[in-house]
Amino acid sequence: MLEENVPEVTAAEIARLAGVGRAAVSNWRRRHPDFPKPVGGTETSPSFALPEVEAWLRAQGKLAEVPLRERVWQQVTAHPGGAVAALVEAGAALLVVRDRPARWLELAALPDDRLAERLPAVRDEALTARLGAGHPVTVRPAAGAVTLLRAVAELAAGLGARQAFEFLLGRHLEANPRQYTLTPEGCAELMAGLAGPGVRTALDPACGTGSPLRALTGATVLHAQDASPELAALAALRLALHGSAQVRAAAADSLRADAFPDAAVDAVLCHPPFNERNWGHEELAYDPRWEYGFPARTESELAWIQHALARLREGGTAVLLMPPAAAARRSGRRIRADLLRRGALRAVVSLPAGAAPPYGIPLQLWVLRRPAPAAAAPAGLLLLDAAGLDPDGPAQARAAWPDVRDAVLAAWTAYDRTGSTPQTPGVSRVVPVIELLDDDVDLTPARHLPPPAAGGGPAELAAVRDRLDATLARAARLTPPPATPAGTGPAPAQPAAASPSQTTVGELARAGALLLRAGTGTGTDGLPVLTEYDVYAGTAPSGTAATPGPDTAETLVAEPGDVVVPVVGALSAARVVTEDPASGAGAVIGRNLQLLRPDPAALDPWFLAGFLRGTANTRRASSHASTATRLDVRRLQLPRLPPAEQRRYGARFRALAEFEDALRLAGRLGEQLVQGLYDGLSDGSVTPE
């Protein structure tokens, strides 16, 4: 009989353990009568006992050893109290491992029953020392807890306590993407940068998983509060494991039940919930925090703004991530006007769409400062539109995040020091407060910025037109010749006529003809990242590498001859990496991309990429979820052809790729020329003649 609380795995997780596609697991279930029987789940999504799966894979020679991090993660998911309870339990134990290593070694040497008996006292002591009395971390004993804690400590011995918890928490967040609204690391770092370098005490009244506070460096006391007890506990443990600051966390709604009413912190960083109607409008009508006006029911964001200002010391800085509607809704114009008149609001920054969820809209950062009673209010408000950082690019272009971060911080630093910053058409301007105090008090940056010169002016438009002419001429030269019907071309016959045998990418990978790896987007800071958008749009790498996590064995960097394929989306695409850095050479492979590194002696990369782009091929290898189409690269097919024939097809595929690149460039230049002429004619810098 199967013992209780045995970790269970799904077919997808079995595929991850064995390094195969999910289809392979389905084949094993059909072909092997001794494959483990389901022990849970549903008929369409069964789950299997991990020990049985591990034993079967090892017996079949498909698995040498389940990686430790996978075994720990399976124990987390099998926790009787759920994954969050397991994460809290693991995080509390990791705090003991990190802050009291000698005590942990003593405890770890004890038998399981003695460890379970003595650990709670040591754990509570460590939690109280770092989180203070009344912290939100509650550990409920569960069957199998000691086994989990020993495994977590073993994982920490190899990765470090902080990295071990980040791995487990990251896996949980990745497995439940719709359950949490996260603040991306880059956005959190920008918020911390705007708060300034001298922050010693900070507060996040809607902390989520704690990303903004985690991005601060040098802080000594961090206050975190969230309405969700689960998130408050996870954030408290994450912050405690991240550094040496004292963490004061609470589980309650900050607007209705503020846990830190007497706080006077250096900085408030917050990504508040958006568009909340039930934020306490009725019961909080006479709250002293509404110093700048009582927010309307539809203005929950302005309630969070005033809560942040109320918890700052004089001269302290608040940075809040806001929806763009908060800068323009008429119901909030009186509060916005008072924030301006009294000098509390200092900057509004529009971020590019995709900087933070919801990813479809360009969110804003509001930078505020609690004014000192005798200080004069600044005469101007800094407005910056990061979407205008690449005004000459195509409409669908996205400015690289490092450019956004550097431009925002440079403009804010100059403004904060001198009260002004150089005006950049279409990007930034310090707008006189008196100019903003009209009937609408609309603070949307793009509406107050001088437009960029039309394509740089007539001279620049002429240069764009010359480039367009040259690109169109090149595209004409690269236009493929008329197609030759199959079987009528020169020998040897083409695959469609000869019907050669087919192979798959998965078979080639198992045979050693190519290496197949999934991109993670992590690597050394500053390295460019080739994203799925770049492959689809035919542009140079536009992302920036994130810090590698413990689940990332090594940085995956593209080399000449590699083939990169997006795995999410309905379009077929494949890029061959050349010596040109714009193709991705030297860039980190981003998430939702698969890298195929063919053995040059066995596979021509252009031949490989060309056949991977076939429409029928991608349809056969695609699966459809409710919101996305996902490509199983291992199922993509290509014909078995000798090297000489591969190179013949590869040469034609390469010519097609060059023709496609020329068409894309012509399209971008055409868009730039047309928009420049529209702008020039409308602003008077270009005449109709």
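Counting of residues starts from 1 at the beginning of each chain's written sequence and follows it residue by residue. Side-chain atom pairs in this predicted model are given and counted only at pLDDT of 80 or more, local residue features only at pLDDT of at least 70, and totals for whole chains, interfaces and linings cover all residues. As a convention, hydrogens and water are excluded, and side-chain values are obtained from all of the structure's heavy atoms.

As annotated in an unreviewed UniProt entry, the chain carries the name N-6 DNA methylase and comes from Streptomyces katrae.

### What about the overall build of the chain?
This is how it is decided: Helix and strand assignments follow DSSP, with helices taken as H or I runs no shorter than four residues and strands as E runs no shorter than two, numbered in order from the N terminus. Partly exposed describes any residue whose relative accessible area lies between the buried limit of under 20% and the exposed limit of over 50%, with all areas from a 1.4 Å probe on protein chains only and scaled to the type maximum. Residues count as neighbours in contact if any of their non-hydrogen atoms are within 4.5 Å of one another. Accessible surface area values rest on a Shrake-Rupley calculation with a 1.4 Å probe, where residue burial reflects the displayed protein chains alone.
Across its full length, the chain holds 23 helices and 23 strands. Overall, the C-alpha framework of the chain stretches about 90 × 90 × 40 Å when taken along its three principal axes. Counting over 689 residues, the chain shows a buried share of 48%. The long-range fraction of contacts in the chain, counting pairs at least 24 apart against all pairs at least 6 apart in sequence, stands at 73%. Summed over its atoms, the accessible surface of the chain is roughly 31400 Å², and 53% of this surface lies on carbon and sulfur atoms.

### Considering a positive patch on the surface
Put simply, the rule reads: Candidates for patches are residues over 30% relative accessible area with no salt bridge; among them, like charges are joined within 9 Å and nonpolar side chains (Val, Leu, Ile, Met, Phe, Trp, Tyr) within 5 Å. Whenever Lys or Arg places a side-chain nitrogen within 4 Å of a carboxyl oxygen from Asp or Glu, that contact is recorded as a salt bridge. The positive count covers Lys and Arg only, the negative count covers Asp and Glu only, and His and the chain ends enter neither. In plain terms, the charge of a residue is placed at NZ if it is Lys, CZ if Arg, CG if Asp and CD if Glu.
A cluster of basic residues, Arg30, Arg31, Lys62 and Arg510, forms a positive patch on the protein surface. Relative to the helices and strands, Arg31 is located in helix H2 (residues 22-31). For Arg31, a relative accessible area of 61% translates into the label exposed.

### As for the environment of Val433
Mapped onto the secondary structure, Val433 falls in helix H16 (residues 433-436). On the basis of relative accessible area, Val433 is assigned to the buried category, the value being 9%. Through-space distance from the C-alpha of Val433 to that of Ala573 is 49 Å; in sequence the pair is 140 residues apart.

### Points about the pattern of salt bridges
Considering all chains together, one arrives at 33 salt bridges under this definition. Close ionic contact of Arg256 with Asp253 constitutes a salt bridge, the shortest N to O distance being 3.2 Å. Between Arg330 and Asp440 there is a salt bridge, and its shortest N-O distance comes to 2.5 Å. Separated by 110 residues along the polypeptide, Arg330 in the loop between strand S8 (312-322) and helix H14 (333-341) and Asp440 in the loop between H16 and helix H17 (458-478) bring together distant segments of the chain. Assessed through its relative accessible area of 45%, Arg330 is described here as partly exposed. Salt bridges linked by common partners bring Glu291, Asp338, Arg342 and Arg370 together as one network.

### Thoughts on the sheet that holds strand S9 (residues 345-350)
Rules: We treat two strands as partners when DSSP finds at least two bridges between them. Only the contacting stretch of a helix is used when fitting its axis, a line to C-alpha atoms as for every element, and angles between N-to-C directions run 0 to 180 degrees.
In spatial order, the strands read S6-S5-S4-S7-S8-S10-S9-S11-S12; together these 9 strands make up an open sheet with mixed pairing. Across the chains shown, the open sheet's two edge strands, defined by having one partner strand only, are strand S6 (246-251) and strand S12 (428-432). Neighbour-to-neighbour, the strand axes of this sheet turn through a mean angle of 15°, independent of strand direction. Relative to strand S7 (residues 265-270), strand S4 (residues 201-204) runs parallel, the two being bridged by 2 bridges. Its bridge partner lying in S7, Ala202 is registered against Ala267. This element, helix H10 (residues 185-195), spans S7, S8 and strand S10 (364-369) of the sheet and lies at about 155° to S8. Across the sheet, H14 touches S9, S10 and strand S11 (380-385), and the angle it forms with S10 is around 50°.

### Considering the pairing of S4
Here 4 bridges tie S4 to strand S5 (residues 221-226), and the two strands are oriented parallel to one another. Within S5, the residue paired with Leu203 across the bridge is His223.

### Describing H14
Regarding H14, the residues found buried are Ile335, Arg336, Ala337, Asp338, Leu339 and Leu340. A positive phi of about 80° marks Gly343, the residue just after H14.

### Concerning the pairing of S6
Bridge count for S5 against S6 is 6 bridges, and the pairing is parallel. Among the inter-strand pairings, Val221 is bridged to a residue of S6, identified as Gln246.

### Considerations on helix H15 (residues 401-418)
Put simply, the rule reads: A helix is expected to span 1.5 Å multiplied by its residue count minus one.
Under the 1.5 Å per step criterion, the end-to-end length of H15 is 26 Å for 18 residues, consistent within 8% with the ideal 26 Å. Those residues of H15 that sit buried are Pro402, Val404, Val408, Ala411, Trp412, Ala414 and Tyr415. Gly419 lies just past H15 and shows a positive phi near 85°.

### Examining the layout of surface pockets
The cut-off we apply is this: A pocket, in this scheme, is an open set of points on a 1 Å grid over the protein atoms alone with protein on both sides within 12 Å along at least 5 of 7 lines, while a cavity is a set where a 1.4 Å probe fits but cannot get out; residues line either one if an atom lies within 4 Å of a point. Grid points are joined across faces, edges and corners, and a volume is the space filled by probe spheres set on the points. Side-chain classes are defined by residue name, with Ala, Val, Leu, Ile, Met, Phe, Trp, Tyr, Cys and Pro counting as nonpolar, Asp, Glu, Lys and Arg as charged, and the others, Gly among them, as polar.
For the second largest pocket, the calculated volume is near 960 Å³. Lining the second largest pocket are 38 residues, and of these Ala574, Trp606, Ala657, Glu660 and Asp661 lie nearest its centre. Sorting the residues of the lining of the second largest pocket by element identifies strand S18 (575-576), helix H21 (605-612), helix H22 (615-620), strand S23 (637-639) and helix H23 (643-683) as the ones contributing at least two each. Ranked by residue count, the leading element in the lining of the second largest pocket is H23, at 11 residues. The residue inventory of the lining of the second largest pocket, partitioned by class, reads 16 nonpolar, 11 polar and 11 charged.

### A closer look at the packing of helix H5 (residues 83-99) against helix H8 (residues 145-159)
Our working definition: Throughout, the term roughly parallel applies to angles under 35 degrees, roughly antiparallel to angles over 145, roughly perpendicular to angles from 65 to 115, and oblique to all others. Should the near helix be turned anticlockwise from the far one by less than a right angle, the crossing is termed left-handed; should it be turned clockwise, right-handed.
Their axes nearest at 9 Å, the elements H5 and H8 cross at an angle of 55°. By the angle between their directions, the pair H5 and H8 is classed as oblique. Crossing angle aside, the handedness with which H5 passes H8 is right-handed. In contact with Ala86, Glu89, Ala90, Ala93, Leu94 and Val97 of H5, H8 contributes Ala145, Leu148, Leu149, Val152, Ala153 and Ala156. Across the contact of H5 with H8, the residue classes break down as 11 nonpolar, no polar and 1 charged.

### A closer look at the nonpolar core
Convention followed: Each nonpolar core is a collection of buried residues, namely Ala, Val, Leu, Ile, Met, Phe, Trp, Tyr and Cys, held together in the definition by side-chain atoms within 4.5 Å.
Counting residues in each nonpolar core, the largest one holds 90 residues, and the members touching the most others are Val137, Leu168, Leu351 and Leu365. Residue contacts for Leu168: discarding those within four places in its chain leaves Val72, Trp73, Val76, Leu87, Ala90 and Val152.

### Considering unusual backbone geometry
The peptide bond linking Pro357 to Pro358 adopts the cis configuration, its omega dihedral lying at -5°. For Pro358, the location among the structural elements is in the loop between S9 and S10. In this structure, Asn275 takes a positive phi of about 55° despite not being glycine. With a phi angle near 65°, Asn592 is a residue other than glycine that sits in the positive phi range. Tracing the backbone shows Asn592 in the loop between strand S19 (588-589) and strand S20 (593-598).

### Observations regarding the packing of H17 against H23
Two elements in contact, H17 and H23, have axes whose closest approach is 9 Å; the angle formed by their N-to-C orientations is 155°. On the basis of the axis angle, H17 is roughly antiparallel to H23. As for the relative orientation of H17 and H23, their crossing is left-handed in sense. Contacts between H17 and H23 involve Leu461, Val464, Arg465, Arg467, Leu468, Thr471, Leu472, Arg474, Ala475 and Leu478 from the first element and Glu658, Phe659, Ala662, Leu663, Leu665, Ala666, Leu669, Gly670, Gln672, Leu673, Gly676 and Leu677 from the second. Residues that form the contact of H17 with H23 fall into these classes: 14 nonpolar, 4 polar and 4 charged.

### Observations regarding the packing of aromatic side chains
The relation between two aromatic rings is expressed through the spacing of the ring centres and the mutual angle of the planes. Note the threshold: By convention, a stacked pair of Phe, Tyr or Trp rings (six-membered ring in the case of Trp) has centres within 6.5 Å and planes under 30 degrees apart, an edge-to-face pair has planes over 60 apart, and any other such pair is tilted.
Per the stated rule, a full pass over the model turns up 10 aromatic pairs. Relative to Trp56, the ring of Trp28 lies with its centre 5.7 Å away and its plane at 50°, an arrangement referred to as tilted. With Trp28 in helix H2 and Trp56 in helix H3 (residues 50-59), this pair connects stretches of sequence that are 28 residues apart. Across the pair, exposure class does not vary: Trp28 and Trp56 are buried alike. Considering the side-chain rings of Phe611 and Phe653, the 5.4 Å spacing of their centres and the 80° angle between planes classify their relative orientation as edge-to-face. Taken together, the residues span a long stretch of sequence, with Phe611 in helix H21 and Phe653 in helix H23 at a distance of 42 residues. Put simply, the rings of Trp28, Phe35, Phe48 and Trp56 touch in pairs and so form one group of aromatic residues.

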